[in-house]
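Residues per chain, in single letters:
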Amino acid sequence: MLDFFTIFSKGGIVLWCFQGAGVTESFTGPVNALIRSVILQERSGNNSFTHGALSLKYKLDNEFELIFVVGFQKILTLTYVDKFIDDVQLHFRDRYKNELEQKGALKHLNYSYDFEDDFKMLLRGAEDTSKARSPAPMRTFKESDKSQKTVKSMIEKKGGDKAKEKGGKKNKNTKKEAPAAEPVKVDQVKTSSAAPKTVENGTQGLNPDEIMQKKREEFFRKRLVGTTEKPSKSPKPQKPKEKQMRVWDMGGNSTKDLDYSGRNGESSTNGTDQKLEAQSDPEMQLSPMKGDLLSVDYESSEDGMTEEEDEEKRVVVSEINKTRSTKVGGFGGMFGMLKSLVGSKSLSREDMESVLDKMKDHLIAKNVAADIASRLCDSVAKKLEGKVMGTFTTVASTVKSALQDSLVQILQPKRRVDILRDVMEAQSQRRPFVITFCGVNGVGKSTNLAKISFWLIENGFRVLIAACDTFRAGAVEQLRTHQRRLNSLHPPEKHGGRMVVQLYEKGYGKDAAGIAMEAIAYARNQVFDVVLVDTAGRMQDNAPLMTALAKLIAVNMPDLVLFVGEALVGNEAVDQLVKFNQALADHSMSDMPRLIDGIVLTKFDTIDDKVGAAISMTYITGQPIVFVGTGQTYNDLRSLNARAVVSALMKA
């Protein structure tokens, strides 16, 4: 039933393994995938993992730094696996406790763990208990209650139903007769309601003539008051003032002065207009950005202690004082105090529960998606469960340190991200390096595309911008403005008479995939180094637009697909990335679909320390954050500093 079972240390040394009868394939591939995808990426909240046709279950032993992994076919439903892996862990620990306490790789390599007989005994017992718990066989017809019914009982039931129907008819007749008594009730209600009215009007104890006289006086009084106040009751509404048109000082007298649609960046090759624009705009006097990008500023958050740490330290101090007061004269008090503090306590889930709940609420308050925060806390709990605490440490500090390490591990890229080197490799192959930008509406795709263009130009590359947003009004004009400004900062005279940035556009309403293909071919012929493809913003639920994006990526096969997301979102970031990746996989025409390769995190300067979106996006995709937008100028582009983000995230 089981394909394999293996026990190995966190250092990668296999202590013992078992392979099922008839299984010829090696289990190193699934186990290595489990290590890469789950254990190294701090995703151990769930104890199951699927790899191809195999389903893997694992358990961490944090005290001895061991991992127990069992693999079986995915189509099988083995209910005993969870209990079985727990039994194997306890039995292995108890038998080889002395050998496991001697830490060191050489000790593990030199010792042979003969565990096969014990393993088979435990497996046989687990399979027997699962068979004993198998569902009871189906009863025969004679054993069922239905076979005990007779014709007589069925006839009696029918008679009972008829009696009920008759009773129901009688009830209906009584209901029909009931309205005859209603007029009496109405008269009673009228007489009872008349009494309070007379009390309210002050007519109690008056004869009918006096009541009539009083009502006439009230009537005439209301008429006189109504005629005097009638004119001022509803004054005529005044007409609202019309809005006056604002006249701008430098607006021009005609709309032709404001029409830039006929002007393109190519028309001003002499660069005179661009020079004047660069000189008149002080914001365009930018600092150079050669080489790698600067990282996000690091701010340490380790100065102040959290409330949990303070509280636990107070508890520890009070326990020390108690032990001192009870055992002053002997060595027992001192040794007992040290025993309570020095590493002798192994952590349990109950010890960490309250701290993890506070950590989870803290992460959600810092914009981490609720589901991601829950998974992170579960992963930290599994990582620490059974681990012996360090000397003079508290539960809160231990959990916080483990959570910080997990967050840094998540944010650090799992593969090399060096765009400048990749562009140089594409240059050696005499082809352009293609980057496609995608994302939802209004996150800053075009703006950050211009920032990346400026960074690439500063490093000596020629850039072609492909305007594939053929849907949004003004999208092409926005890119044309960026192209004109970038060319004014790097005039053609300094680059051998060639413009360093050009815009390839075909207007609106065209096929975006076709425009991207033509732009790449144009860049190859004109020897451009980089092609930046700007796409239309689209919501993740819009199926036609997601199909068009998947077509653009499948047809042109860009070198890098970047998802542009803003740092302001919380749970929405998870939904966006999951559905973008799912749409790219569903609408792709190949067996190995092209998914998102990296993330551009925008509006990072607007969120203070609520940086949880970075954790959510990286955790969902497993892809790195390549660029971070920190402002509105071309210089406001940074690379991610994992420790800086985690520091801001853990700051109270």
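Residues numbered from 1 in each chain as written. Predicted model: local features only at pLDDT ≥ 70, side-chain atom pairs only at ≥ 80, totals over all residues. Heavy atoms only, no water.

The next subject is the overall build of the chain. The number of helices and strands found in the chain is 22 helices and 13 strands. When burial is assessed residue by residue, the chain has 39% of its 652 residues classed as buried. Of the accessible surface of the chain, which amounts to about 39100 Å², a share of 53% is contributed by carbon and sulfur atoms. (Helix = DSSP H or I, 4+ residues; strand = E, 2+ residues; numbered from the N terminus. Buried < 20%, exposed > 50% of the residue type's maximum accessible area, 1.4 Å probe, protein only. Areas by Shrake-Rupley, 256 points an atom, 1.4 Å probe, with all protein chains shown as cover.)

Another aspect to go through is empty space enclosed by the protein. Tallied over the full model, the rule gives one cavity of 30 Å³ or more. Volume-wise, the largest cavity comes out at about 30 Å³. If you go around the largest cavity, the residues you meet are Ala550, Ile553, Ala554, Leu584, Ser588 and Arg594. (1 Å grid on protein atoms, 1.4 Å probe; cavity = no way out; pocket = protein on both sides within 12 Å on 5 of 7 lines; lining within 4 Å. Points joined across faces, edges and corners; volume = space filled by probe spheres on them.)

What follows is about the pattern of salt bridges. Evaluated as defined, the whole model comprises 21 salt bridges. In this structure, arginine 93 engages glutamate 63 in a salt bridge whose closest nitrogen and oxygen atoms are separated by 3.1 Å. Here arginine 93, found in helix H2 (residues 81-95), pairs with glutamate 63, found in the loop between strand E4 (54-61) and strand E5 (66-73); they are 30 residues apart in sequence, far enough to count as distant. Here the salt bridges do not stand alone but share partners, grouping Asp61, Glu63 and Arg93 into one network. (Salt bridge = Lys/Arg side-chain N within 4 Å of Asp/Glu carboxyl O.)

Here we take up the packing of aromatic side chains. A full pass over the atoms with the stated rule returns 19 aromatic pairs. Plain terms: the ring middles of phenylalanine 454 and tyrosine 634 are 5.7 Å apart, the flat faces sit at 25° to each other, and that makes the pair stacked. Taken together, the residues phenylalanine 454 in helix H16 (residues 445-458) and tyrosine 634 in the loop between strand E12 (625-629) and strand E13 (637-638) connect sequence positions 180 residues apart. Judged by centre distance (5.6 Å) and plane angle (75°), the ring pair of tryptophan 455 and phenylalanine 627 falls under edge-to-face. Of this pair, tryptophan 455 sits in helix H16 while phenylalanine 627 sits in strand E12, and the two are 172 residues apart along the sequence. In this structure tryptophan 455 comes out as buried when scored by relative accessible area, which is 5%. Among the aromatic residues, ring-to-ring pairing joins Phe5, Trp16, Phe18, Phe68, Tyr80, Phe84, Phe92, Tyr96, Tyr113, Phe115 and Phe119 into one connected group. Lying across the ring of phenylalanine 528, arginine 462 places its NZ or CZ 4.1 Å from the centre. (Phe/Tyr/Trp six-rings, centres within 6.5 Å; stacked < 30°, edge-to-face > 60°. Lys NZ or Arg CZ within 6 Å of the ring centre and 35° of its normal.)

Counting residues in hydrophobic clusters, the biggest one holds 114 residues, and the most contacted among them are Val399, Ile419, Trp455, Leu456, Phe604 and Phe627. Top element by residues in this core is helix H14 (residues 395-411). It accounts for nine residues. Ignoring anything within four residues of it in the chain, the contact list for tryptophan 455 reads Met289, Gly291, Asp292, Leu293, Ile419, Leu420, Phe627 and Leu637. Ranked by size, the runner-up nonpolar core spans 27 residues in total, among them Leu2, Phe5, Phe18 and Phe84. (Core = buried A, V, L, I, M, F, W, Y, C linked by side-chain atoms within 4.5 Å. Contact = heavy atoms within 4.5 Å.)

Detailed reading of predicted coordinates is not advised where the pLDDT is low. Across the chain, pLDDT averages 77, with 73% of residues at or above 70. Within the model, the stretch residues 315-343 combines pLDDT values under 50 with 18 contacts to residues more than four positions away or in other chains. (pLDDT = per-residue confidence, 0-100.)

Taken in spatial order, the eight strands of this open sheet run E8-E7-E9-E6-E10-E11-E12-E13, and their pairing is mixed. Each edge of the open sheet is held by one strand with a lone partner, namely strand E8 (501-504) and E13. Note that strand E11 (residues 598-602) and E12 share three bridges and pair parallel. The residue bridging leucine 601 from the neighbouring strand is valine 628, located in E12. Across the sheet, helix H15 (residues 419-428) is in contact with strand E6 (433-438), strand E9 (530-535), strand E10 (560-566) and E12; its angle to E6 comes to roughly 135°. In the packing of H16 onto the sheet, contacts are made with E6, strand E7 (463-468), E8, E9, E10, E11, E12 and E13, and the angle to E9 comes to roughly 175°. (Pairing = 2+ DSSP bridges. Axes fitted to C-alpha atoms, helices over the stretch in contact; angles between N-to-C directions.)

Right, let's talk about the pairing of E7 for a bit. Most of E7 is tucked away: six of the six residues are buried. Bridge analysis of E7 against E8 gives four bridges, and the strand direction is parallel. By the bridge assignment, valine 463 is partnered in E8 with valine 501. Traced from E7 through helix H17 (residues 475-489) to E8, the parallel crossover comes out right-handed. As defined by bridge partners, E7 adjoins E9 across six bridges and the pair is classed as parallel. Its bridge partner being in E9, valine 463 is matched across the sheet by valine 530. (Right-handed = clockwise from strand over helix to strand, strands pointing away.)

Another aspect to go through is a nonpolar patch on the surface. On the surface, a cluster of nonpolar side chains totalling about 320 Å² of accessible area is made up of Met517, Val555 and Met589. Take methionine 589: it is sitting in the loop between helix H20 (571-586) and E11. (Patch = residues over 30% accessible without salt bridge, like charges linked within 9 Å, V, L, I, M, F, W, Y side chains within 5 Å.)

Looking now at the packing of H16 against H17. Contact geometry for H16 and H17: axes closest at 10 Å, N-to-C directions at 25°. Looking at the two axes, H16 sits roughly parallel to H17. Crossing angle aside, the handedness with which H16 passes H17 is right-handed. Note on element contacts: H17 touches H16 through Gln478, Leu479, His482, Leu486 and Leu489, opposite Ser446, Thr447, Leu449, Ala450, Ser453, Phe454 and Ile457. Along the lines of polarity and charge, the residues of the contact of H16 with H17 split into seven nonpolar, five polar and no charged. (Parallel < 35°, antiparallel > 145°, perpendicular 65-115°, else oblique. Left-handed = near helix turned anticlockwise from the far one by under 90°. Nonpolar A, V, L, I, M, F, W, Y, C, P; charged D, E, K, R; others polar.)

Our focus in this paragraph is the environment of cysteine 17. Within the secondary structure layout, cysteine 17 lies in strand E2 (residues 14-19). You can call cysteine 17 partly exposed: its relative accessible area is 41%. When the C-alpha atoms of cysteine 17 and phenylalanine 115 are compared, they prove to be 9.0 Å apart, with 98 residues separating the residues in sequence. Once residues lying within four places of it in the same chain are set aside, the contact partners of cysteine 17 are Phe5, Thr6 and Phe27.

Our next topic: the sheet that holds strand E3 (residues 48-51). Overall, antiparallel pairing links the five strands, which are arranged E2-E1-E5-E4-E3 in an open sheet. Only two strands of the sheet have a single partner each, and these edge strands are E2 and E3. Adjacent strand axes in the sheet meet at a mean angle of 15°, parallel and antiparallel pairs treated alike. Along the sheet, H2 makes contact with strand E1 (2-9), E2, E4 and E5, crossing E4 at roughly 40°.

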